[in-house]
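Working through the structure, step by step
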Amino acid sequence: MNETVATGVPDLSTDLYRDVVEFADGTPEPVHWFAIHFTEGAIVLLGVLLVLAALTRLVGGDVRDRALALAAPVTVVLAYGASEGLKSLVAEDRPCRSPAGLMIVAGHCPAVGDWSFPSNHATIAGALAATTLLLHRRFGLLAVPLAVLAALSRVFVGVHYPHDVAAGLLLGALIGTLLTPLAARPLAEVLGRLFPRPAPTLAPPARR
């Protein structure tokens, strides 16, 4: 590993990272295998939950429901873009490149220039969970703990500090919660013009 010293990283986060990685290294190989696959698979599962939640709004919903369902994935993409921008701005090196050279479950550290703060995985997970909760309460209550586990898994496999994933979750959740309703408003107007409701027909008066 490179002998790069991370600057600006909170001591608490560094200590927590070391504790988690040392614990992870002592777990059995099947746990390592599960963690490596879960860290990616959880995002897929969260995406499936969002699709299911969106379908409940698209099928049988009104114009606003459909607009919310269509706006949700857009805000997830925006959250990812925001995390990428912050990564380039902060340029915090990965903890697995620290001089300590800890063994990590992931087996390898991301390439140089793939910065650590905030975690893209955690940001996407937070945005997916938040938008799912906006669209469907029950699916959302499944998505929220799954998103937290997805974020924590990035620390467990050794590629992020705890503060990276905490910031990512918060960033994704805020963007998903705040921007989805805002984006849905103009989208609902467009949908309303494209698919106007037919005028109600008056029933003929009953004959006496």
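Just so we're clear, the structure is a prediction, and the values are computed from it rather than from any experiment.

Moving on: helix H5 (residues 137–156). With 20 residues, H5 should cover 28 Å at 1.5 Å per step; its first-to-last C-alpha distance of 29 Å lies within 8% of that length. Looking at H5, one finds that the buried residues are Gly140, Ala143, Leu146, Ala147, Ala150, Ala151, Ser153, Arg154, Val155 and Phe156. Note on H5: the residue one or two positions beyond its end, glycine 158, has a positive phi of about 100°.

All right, on to the pattern of salt bridges then. Opposite charge on two side chains lets them pair, provided their charged atoms get close. Taken as a whole and judged by the stated rule, the model has two salt bridges. A salt bridge links aspartate 65 to arginine 57, with the shortest nitrogen-to-oxygen separation between them at 2.6 Å. With relative accessibility at 17%, the residue aspartate 65 sits in the buried group. On the basis of relative accessible area, arginine 57 is assigned to the buried category, the value being 17%.

What follows is about the confidence of the model for the chain. Model confidence for the chain is summarised by a mean pLDDT of 84, while 85% of its residues fall at 70 or above. Between the elements of the chain, mean pLDDT differs from a low of 85, seen in helix H1 (residues 11–25), to a high of 95, seen in helix H4 (residues 120–135). Throughout residues 1–6 the model reports pLDDT below 50, and contacts reaching past four residues in sequence, or to other chains, amount to 15 contacts. In the model, residues 198–202 has pLDDT below 50 throughout and makes zero contacts with residues more than four positions away in sequence or in other chains.

Turning to unusual backbone geometry, a few remarks are in order. When glycine is set aside, most residues are seen to have a negative phi, and most peptide bonds are trans. Residue proline 118 is reached from phenylalanine 117 by a cis peptide bond, and omega for that bond is -10°. Here proline 118 is to be found in the loop between helix H3 (63–90) and H4. Backbone geometry at alanine 91 places phi at a positive 55°, although glycine is not the residue there. On the basis of relative accessible area, alanine 91 is assigned to the partly exposed category, the value being 34%.

With that settled, consider a negative patch on the surface. Residues Asp11, Asp15, Asp19, Glu22, Asp25 and Glu29 make up a contiguous surface patch of negative charge. Sort the elements by how many residues they give to the negative patch and H1 lands first, with five residues. Tracing the sequence through the fold places aspartate 19 in helix H1. On the basis of relative accessibility, which here comes to 48%, the residue aspartate 19 falls in the partly exposed class.

With that settled, consider the nonpolar core. Leu46, Leu50, Ala125, Leu128, Leu135 and Leu146 are the most contacted members of the largest nonpolar core, which totals 29 residues. For this core, the secondary structure elements donating two or more residues are helix H2 (29–58), H3, H4, H5 and helix H6 (162–194). Apart from residues no more than four positions distant in its own chain, leucine 46 is found in contact with Ala125, Leu128, Thr132, Ala143, Leu146 and Ala147. Core analysis: the second largest hydrophobic core is formed by 17 residues, Tyr17, Val155, Phe156 and Val157 among them.

Within the fold, lysine 87 resides in helix H3. Within polar-contact distance, the side chain of lysine 87 engages the backbone oxygen of tryptophan 115 at 2.3 Å. Beyond its immediate stretch of four places on either side in the chain, lysine 87 contacts Arg94, Asp114, Trp115, Ser116, Phe117, Pro118, Asn120 and His160.

About the cut-offs
- Residues numbered from 1 in each chain as written.
- Predicted model: local features only at pLDDT ≥ 70, side-chain atom pairs only at ≥ 80, totals over all residues.
- Heavy atoms only, no water.
- Helix = DSSP H or I, 4+ residues; strand = E, 2+ residues; numbered from the N terminus.
- Expected span 1.5 Å × (residues − 1).
- Buried < 20%, exposed > 50% of the residue type's maximum accessible area, 1.4 Å probe, protein only.
- Salt bridge = Lys/Arg side-chain N within 4 Å of Asp/Glu carboxyl O.
- pLDDT = per-residue confidence, 0-100.
- Contact = heavy atoms within 4.5 Å.
- Patch = residues over 30% accessible without salt bridge, like charges linked within 9 Å, V, L, I, M, F, W, Y side chains within 5 Å.
- Areas by Shrake-Rupley, 256 points an atom, 1.4 Å probe, with all protein chains shown as cover.
- Lys, Arg positive; Asp, Glu negative; His and termini not counted.
- Charge placed at Lys NZ, Arg CZ, Asp CG, Glu CD.
- Core = buried A, V, L, I, M, F, W, Y, C linked by side-chain atoms within 4.5 Å.
- Polar contact = N/O pair within 3.5 Å; in protein donor to acceptor, adjacent residues only side chain to side chain.

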